[in-house]
Amino acid sequence: MKILVVDDQPEYLRPYRSTFATNNIDLRVAIDLNQAWQIIKNGKESGKKHDEQGYKVFDLIVIDIAFDAPAREFKHEQDLIHDHLVRRGYGGLAISGQALGLRLWKQRGTLKQPYCYTTNHQDLWIQDIPAEEAVFGGGDASNHHTVIDKASLWPGSIITTIESAVSEWVSKPWLHH
């Protein structure tokens, strides 16, 4: 399994590294959204299809929702998310990792790239962007294996949690957009 973790504080991965290695998980880490997008684009542009249906570069991209620094390449997505966060009373947040997820969601028909979010604050996940089609089918974050509470991640549970997120993508029609 090949995973990209996008988190501006990757030190939280330290306890899981041996679990990933033991389970033959190829782990890549990006510390910001721009770096992650470059890794994804470079994988797609290499022309290597992972399956007949698209250019899935990773089995799963795990994106932290809370970021401290804005990402220049994601201004449009960040503006959409920021407006929603302000309405919820979280206007002081600089950026949301959901900007990358929103781009992946909008391009899922061609990229075929499963992803999920991790967060200590599930209420920061905005399910109704874009308004015309709710991400992951909408609903509360607790109803999805694709919005993961960081407090629930332990070395003994992280593989099952990742597999559940991948399974949710497989079982839903999201990639057949």
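To keep things clear, this report deals only with the structure shown in the data block.

Definitions and limits used
Residues numbered from 1 in each chain as written. Predicted model: local features only at pLDDT ≥ 70, side-chain atom pairs only at ≥ 80, totals over all residues. Heavy atoms only, no water. Helix = DSSP H or I, 4+ residues; strand = E, 2+ residues; numbered from the N terminus. Expected span 1.5 Å × (residues − 1). Buried < 20%, exposed > 50% of the residue type's maximum accessible area, 1.4 Å probe, protein only. Contact = heavy atoms within 4.5 Å. Polar contact = N/O pair within 3.5 Å; in protein donor to acceptor, adjacent residues only side chain to side chain. Pairing = 2+ DSSP bridges. Axes fitted to C-alpha atoms, helices over the stretch in contact; angles between N-to-C directions.

A few points about helix α6 (residues 158–171)
Helix length check: α6, at 14 residues, gives a terminal C-alpha distance of 20 Å against a target of 20 Å (1.5 Å per residue), a fit within 8%. Considered for burial, the residues of α6 that qualify are Ile158, Ile159, Thr161, Ile162, Ala165, Val166, Glu168 and Trp169.

Digging into the side chain of Glu168
Here Glu168 shows up in helix α6. Those residues within four positions of Glu168 in sequence are excluded, and the remaining contacts are His144, His145, Thr146 and Trp174.

As for the environment of Arg108
Tracing the backbone through its elements, the reader meets Arg108 in helix α5 (residues 108–111). A distance of 2.7 Å separates a polar atom in the side chain of Arg108 from the backbone oxygen of Trp105.

Observations concerning the environment of Ile63
Relative to the helices and strands, Ile63 is located in strand β3 (residues 60–64). Exposure remark for Ile63: the relative accessible area of 0% places this residue in the buried category. In this structure the C-alpha to C-alpha distance between Ile63 and Asp8, which are 55 residues apart in sequence, comes to 9.8 Å. Apart from residues lying up to four places away in sequence, Ile63 is in contact with Val6, Gly97, Leu100, Gly101, Leu104, Tyr115, Cys116, Tyr117 and Thr118.

With respect to the sheet that holds strand β7 (residues 147–149)
Pairing is parallel across the open sheet formed by five strands, whose spatial order is β2-β1-β3-β6-β7. Taken across any chain shown, the strands that pair with only one partner, and hence form the sheet edges, are β2 (26–30) and β7. Taking the axes of each pair of neighbouring strands and ignoring which way they run, one obtains an average angle of 25° across the sheet. Here four bridges tie strand β1 (residues 2–6) to β3, and the two strands are oriented parallel to one another. The partner of Ile3 across the bridge, within β3, is Leu60. Running at roughly 165° to strand β6 (residues 115–119), helix α4 (residues 98–106) makes contact with β1, β3 and β6 of the sheet. With respect to the sheet, α6 is in contact with β1, β3, β6 and β7, its orientation differing from that of β3 by roughly 110°.

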